[in-house]
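Okay, here's what each chain looks like letter by letter:
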Amino acid sequence: MEDLEDLRSELLAAAEAAADLEALERVRVSALGKKGRVTGLMKGLGAMDPDARRAAGQALNRVKDEVAAAIEARSRTLADAGLEARLLEEGVDVTLPVRPEQDGRVHPISQTIDEAIAILGEMGFSVAEGPDIEDDWHNFTALNIPPEHPARQEHDTFYLPGEGEDGRMVLRTHTSPVQIRTMQAAEPPVRIIVPGRTYRCDYDATHSPMFHQIEGLLVDESTHMGHLRGCLIEFCRAFFGVDDLPVRFRPSYFPFTEPSAEVDIGCTRDGGDFRIGHGDDWLEILGAGMVNPKVLENCGIDSTRYQGFAFGMGIERLAMLKYGIPDLRTFFESDLRWLRHYGFAPLHIPSMVGGLNG
Ligand code: PHE
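Because the structure is a prediction, the values reported are computed rather than measured.

Thresholds, definitions, all that
- Residues numbered from 1 in each chain as written.
- Predicted model: local features only at pLDDT ≥ 70, side-chain atom pairs only at ≥ 80, totals over all residues.
- Heavy atoms only, no water.
- Pairing = 2+ DSSP bridges.
- Helix = DSSP H or I, 4+ residues; strand = E, 2+ residues; numbered from the N terminus.
- Axes fitted to C-alpha atoms, helices over the stretch in contact; angles between N-to-C directions.
- Near = heavy atom within 4 Å.
- Polar contact = N/O pair within 3.5 Å; in protein donor to acceptor, adjacent residues only side chain to side chain.
- Areas by Shrake-Rupley, 256 points an atom, 1.4 Å probe, with all protein chains shown as cover.
- Domains from an automatic or database assignment.
- Core = buried A, V, L, I, M, F, W, Y, C linked by side-chain atoms within 4.5 Å.
- Buried < 20%, exposed > 50% of the residue type's maximum accessible area, 1.4 Å probe, protein only.
- Contact = heavy atoms within 4.5 Å.
- Salt bridge = Lys/Arg side-chain N within 4 Å of Asp/Glu carboxyl O.

(A) Structural context of the sheet that holds strand β2 (residues 133-135). Pairing is antiparallel across the open sheet formed by three strands, whose spatial order is β2-β4-β3. Every other strand in the sheet has two partners, leaving β2 and β3 (159-164) as the edge strands with one partner each. The mean angle between the axes of side-by-side strands here comes to 30°, regardless of whether they run parallel or antiparallel. Across three bridges, β2 lies against strand β4 (residues 167-171) in antiparallel orientation. Within β4, the residue paired with Ile133 across the bridge is Leu171.

(B) Spatial organisation of the site of the ligand. In the vicinity of the ligand there are 14 residues, among which His174, Ser176, Arg200, Gln213 and Gly312 approach most closely. One nitrogen or oxygen atom from the side chain of Arg200 is found 3.0 Å from an oxygen atom belonging to the ligand. Between the ligand and Gln213 there is a distance of 3.0 Å, counted from an oxygen atom to a side-chain nitrogen or oxygen. Here the ligand, which alone exposes 330 Å², has 90% of that area covered by the protein. The set of elements that each furnish at least two residues to the shell around the ligand consists of β6 (210-220), β10 (281-291) and β11 (307-314). Tallying contributions element by element places β11 first for the shell around the ligand, with three residues.

(C) Examining the domain arrangement of the protein more closely. Here the protein is partitioned into domain 1 (4-89) and domain 2 (108-342). Distance from the C-alpha centre of domain 1 to the C-alpha centre of domain 2: 74 Å.

(D) Highlighting the pairing of strand β7 (residues 247-254). Across seven bridges, the pairing between β7 and strand β8 (residues 257-270) is antiparallel. Residue pairing for β8: Pro251 is matched across the bridge by Ala261. Two successive antiparallel strands, β7 and β8, enclose a turn made up of two residues.

(E) Summary view of the nonpolar core. In this structure, Phe235, Phe240, Ile285 and Phe311 are the most contacted members of the largest nonpolar core, which totals 50 residues. If near-sequence neighbours (up to four positions away) are discounted, Phe311 is found in contact with Leu120, Phe125, Ile193, Ile214, Glu215, Gly216, Leu228, Cys231, Leu232, Leu286, Gly287 and Ala288. In this structure, Phe140, Ala142, Ile145 and Val219 belong to the second largest nonpolar core, which totals 22 residues.

(F) Layout of the pattern of salt bridges. Throughout the structure, instances matching the rule amount to 20 salt bridges. Notably, a salt bridge pairs Arg54 with Asp51, separated by 3.8 Å at the nearest N-O pair. Of this pair, Arg54 and Asp51 both sit in helix α4 (residues 50-90), three residues apart, which is roughly one turn of the helix. In this structure, Arg54 and Asp51 share a single accessibility class: exposed. Across the pair Arg337 and Asp335 runs a salt bridge, and its minimum N-O distance is 2.8 Å. Take Asp335: its relative accessible area is 26%, and that puts it in the partly exposed class. Bridged by salt links that share partners, the residues Arg248, Arg250, Glu262 and Asp264 form one connected network.

Laid out in C-alpha cells, this is it:
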C-alpha cells in the first residue's frame, strides 16, 4: 500500500492547492470521478482474494472519504473568499456626498400633492384615504347621485365585473366616496383631505383615464360658506404664491353639495402669454360647496346639528398651471428626460416655513 499513501498525500495536496472552484473540480474528477484514480483502484479490488480485498477496500475507502472531505473544505474556503472579494470590490462608501447629477427627481404629481398637504395640513386638515375600487353606493348613491341621475353619465365610469354588497363595483370616478367612508367611521368634527387616484373613460391632451384629485371635507356644528371661502382663497394664494390672487366663487351644481360653487382664479391671456394673477380673465380650478344635508343623513350624521363644506380639485390641472406643463398625457409616459426637466429635488420637502418648491 506504499503507493496508496503517496496517492493520498498527492490528492490532499492538490485539493489544498486548488486556486479556484474550477481547479478544485478538476481535482475531484481526477480522483473520485468515474475514471478517477481512486475509483480505478476500487475497480481493481474485484481481482483480489477475499482477505487482501477486505484490507485494501477499507484503506481505499478511508482515502476516498479523506479526499472528499478535503475537497469539500477547500470548496467552502474558496466560496467564502469569493464573497469576501466581491464585497470588497462592490463596496460603496456611504460617507461620500450626494452627487446631484445622479439624483432621482420627484414627479410633479407627488410634488403638487405634497404642496397641497403642506398648506391644508397647516390649516388643521389630516390626510385620509380610501380604495380605488369602490362600489356604486359609495361612489354615487350615498353622494346623492341616485341611479338614472344624469350626473352618472358625465362621469364616464369604468365598471368592473361582479357586484359587491353595495352594488356594482367601479373604479372611483372622484375622491368624494372617501367623504362617505370617513363620515360613516367617525363622529364630527371631521377635517380631512384626500389625495388619490381617480378614473374616467376619457383620453386627450387634457384628460387621462387615470388622474388625481384632492378632496377636502370639514364637518362641524357651525360651519358656513364663509369658512369655505376663507379656506379656499387662502389655499389658492398659498399654492400659486400670489398674495393678492383674485379668487371668484361662481354658482354651480353638484348633487352632493348645496349650495355649490365652481372656483375661478384670475389670470391673463395675452396672445400666447398666460399668467396667473391679476388680469382680465378667469380660470376654473375646483368645485366646492356646503355638504348636502342628504349626504350627512346618508352617513348617519344629524343634519340639524351639523353642517359641512367640501371641495375637490384635479391635481394634474394644478400642476400644469403652476409649472407650465402643456400636455397632461406626458405625466404618465415615464419619459426620464421629461422627469429630469419637470421633476423636483428629492431632498426638498415642501412646507409652509421652508417654502413649497425649492
Ligand atoms: N367630486 C367633484 C368632481 O369630481 C368635485 C367636488 C368635490 C365638488 C367636493 C364639490 C365638492 O368633479
